[in-house]
Amino acid sequence: MIADCVVIGAGPAGSSAARRAAQHGLQVLCLEKASFPRAKPCGGALSMNGVKTLDFALPAFVQEGFAYGIRAHYASRVLEARRPQPIAVLVRREVFDAFLVEKAREAGAVVHTQEKVLGLEETPHDVKVRTTRGVYRSAYAIVAHGAEGVLNRRLSGPARLGMRWKAVTRRDAASVLRSSRRCEKPVLEFYFDAYPHGYGWVFPLRNAFSIGVGGLHSGPLSTKKAFHDFVRRLGVPHSTGYRGSTIPCCGIASVLGTPRTLYAGDAGGFGEAFTGEGIFYAMRSGQLAADTVAEAVKGSLRHPLPQVYRCRCLKVLGDNLRYAAFFARWVYWFPGFFLSLFARRPLWAQEFLGIPLGETTYKHFLLKRFSLGRLGNTGP
């Protein structure tokens, strides 16, 4: 046996899992099919709640800037809400992901890039991972290779179940959009009429903008067509330099692993249904998977590995994922109504921004609204 734990995938979930497992003193091997830096389709907004999950500071070269609030559009309606402190840090995923890999190595994890995993075989005693370079054996494995990874297709992982967020995005130079979007305290812009059951976005990066559309995809709508319609609406020149991605939004799946294998990040279906945010949930689920595997290696687990892991995910992430899905269903069916509702109640919008800050959760926000009567109540 060459390792206590093999982590498959070195994105935010895999890198976070590898780092945490190494910090527990485990021998960790992380396998990644790509080389870094790698292109990754993503809006690039990391909530401050996500930043809080890190045990290290993000250096200046990783940070593209900060967002202090939101500006939401639906037809002629516009809602703007701000906080004095940032609600999100903007990142370029090729830089951010490569930095997380280096932090995993710094903690003692061995990371192999450009090595694709071809198969995984589990026995009562160990896990055998077959790659393009050879075969590795370990006590446990954490699958964190995204929603479309080979093991999800062959082993029917949790990412194949439930709702799915589909998105198309690209990055454009700052000069292609009007300068009014540049201000001292930038905001994240959302267009809730740009994509059914989702939105279009414009996020400010350093000397650039991240532009995209995405949502809970269903029916025959082409996400690429919606993207082209959106960039035309913004007055941005046509370009083919866009990329697509799929984010499973399963909540907390009923099964998140086997006796020796756990699923984290998009491979585990940990996408958030309202915003499509995946980075925070990827990093946090990776950390929880590593904590659980570390206890298993040390012999301190009193219950089966996947059962303990799922309970921890339910406790830490479950309420946010469950209530975000509930919120998404209502807002995406009636976006104009909810935008007007929040515009009439600025305190609601201010409190809602506490979710990406980690001050509150979807559950607490919604239950507080219902405790005042109904969403249409005139209370604060």
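Residues numbered from 1 in each chain as written. Predicted model: local features only at pLDDT ≥ 70, side-chain atom pairs only at ≥ 80, totals over all residues. Heavy atoms only, no water.

1. Re the packing of helix H1 (residues 12–23) against helix H6 (residues 279–297)
Logical step 1: Put simply, H1 and H6 touch, their axes get as near as 7 Å, and they point 30 degrees apart. When the axes of H1 and H6 are compared, the crossing they make is right-handed. Taken together, the residues of H6 that come into contact with H1 (itself represented by Pro-12, Ala-13, Ser-16, Ala-17, Arg-20 and Ala-21) are Ile-279, Ala-282, Met-283, Gly-286, Gln-287, Ala-290 and Asp-291.
Logical step 2: Across the contact of H1 with H6, the residue classes tally to eight nonpolar, three polar and two charged. (Axes fitted to C-alpha atoms, helices over the stretch in contact; angles between N-to-C directions. Helix = DSSP H or I, 4+ residues; strand = E, 2+ residues; numbered from the N terminus. Left-handed = near helix turned anticlockwise from the far one by under 90°. Contact = heavy atoms within 4.5 Å. Nonpolar A, V, L, I, M, F, W, Y, C, P; charged D, E, K, R; others polar.)

2. Topic: the packing of aromatic side chains
Geometrically, a pair of aromatic rings is defined through the distance of the ring centres and the angle of the planes.
Logical step 1: All told, the structure shown has 28 aromatic pairs when counted by the stated rule.
Logical step 2: Lying over the aromatic face of Trp-348, Arg-369 brings its terminal NZ or CZ to 4.8 Å of the ring centre.
Logical step 3: Here the guanidinium or amino end of Arg-369 rests over the ring plane of Phe-365, the centre of that ring lying 5.0 Å away. (Phe/Tyr/Trp six-rings, centres within 6.5 Å; stacked < 30°, edge-to-face > 60°. Lys NZ or Arg CZ within 6 Å of the ring centre and 35° of its normal.)

3. Structural notes on the pattern of salt bridges
Logical step 1: A full pass over the atoms with the stated rule returns 25 salt bridges.
Logical step 2: Between Arg-82 and Glu-80 there is a salt bridge whose closest N-O contact spans 2.9 Å.
Logical step 3: The class for Arg-82 is partly exposed, based on a relative accessible area of 30%.
Logical step 4: Glu-80 gets classed as partly exposed once you look at its relative accessible area, which sits at 39%.
Logical step 5: Put simply, Glu-295 and Arg-312 hold a salt bridge, and the shortest N to O gap is 2.6 Å. Pair noted here: Glu-295 is in helix H6 and Arg-312 is in helix H7 (residues 305–333), with a separation of 17 residues, a long-range link.
Logical step 6: A network of salt bridges, in which partner residues are shared, links Arg-19, Asp-55, Lys-103 and Glu-106. (Salt bridge = Lys/Arg side-chain N within 4 Å of Asp/Glu carboxyl O. Buried < 20%, exposed > 50% of the residue type's maximum accessible area, 1.4 Å probe, protein only.)

4. Considerations on the side chain of Arg-92
Logical step 1: Structurally, Arg-92 can be placed in the loop between strand S7 (88–91) and helix H3 (93–107).
Logical step 2: Among the residues examined, Arg-92 registers a relative accessible area of 18% and is labelled buried.
Logical step 3: In terms of polar contacts, Arg-92 uses its side chain to reach the side chain of Glu-64, at 3.1 Å.
Logical step 4: At a separation of 3.2 Å, a polar atom in the side chain of Arg-92 contacts the main-chain carbonyl oxygen of Arg-206. (Polar contact = N/O pair within 3.5 Å; in protein donor to acceptor, adjacent residues only side chain to side chain.)

5. A closer look at the nonpolar core
Logical step 1: Residues Trp-165, Leu-188, Phe-274, Phe-327, Tyr-332, Phe-342 and Phe-352 are the most contacted members of the largest nonpolar core, which totals 43 residues.
Logical step 2: Here this core takes six residues from H7, the largest share from any one element.
Logical step 3: Contact partners of Tyr-332, with chain neighbours within four places excluded, come to Trp-165, Phe-192, His-197, Gly-198, Tyr-199, Leu-216, Ala-273, Phe-274 and Thr-275.
Logical step 4: The next biggest cluster of nonpolar side chains, apart from the first, holds 39 residues, and it includes Val-101, Ala-104, Ala-109 and Ala-264. (Core = buried A, V, L, I, M, F, W, Y, C linked by side-chain atoms within 4.5 Å.)

6. Observations concerning the environment of Met-283
Logical step 1: Along the chain, Met-283 falls in helix H6.
Logical step 2: For Met-283 and Ala-13, which are 270 residues apart along the polypeptide, the C-alpha to C-alpha distance reads 4.5 Å.
Logical step 3: In this structure Met-283 touches Pro-12, Ala-13, Ser-16, Leu-46, Gly-50, Thr-53, Leu-54, Phe-96 and Leu-100, once residues within four positions along its chain are discounted.

7. Focus on the packing of H6 against H7
Logical step 1: Taken N-terminus to C-terminus, the directions of H6 and H7 make an angle of 155 degrees; their axes are 9 Å apart at the nearest point. Put simply, H6 runs roughly antiparallel to H7. The interaxial crossing formed by H6 with H7 has right-handed handedness. Taken together, the residues of H7 that come into contact with H6 (itself represented by Phe-280, Tyr-281, Arg-284, Ser-285, Leu-288, Ala-289, Asp-291, Thr-292, Val-293, Glu-295 and Ala-296) are Leu-305, Val-308, Tyr-309, Arg-312, Cys-313, Val-316, Leu-317, Asn-320 and Leu-321. (Parallel < 35°, antiparallel > 145°, perpendicular 65-115°, else oblique.)

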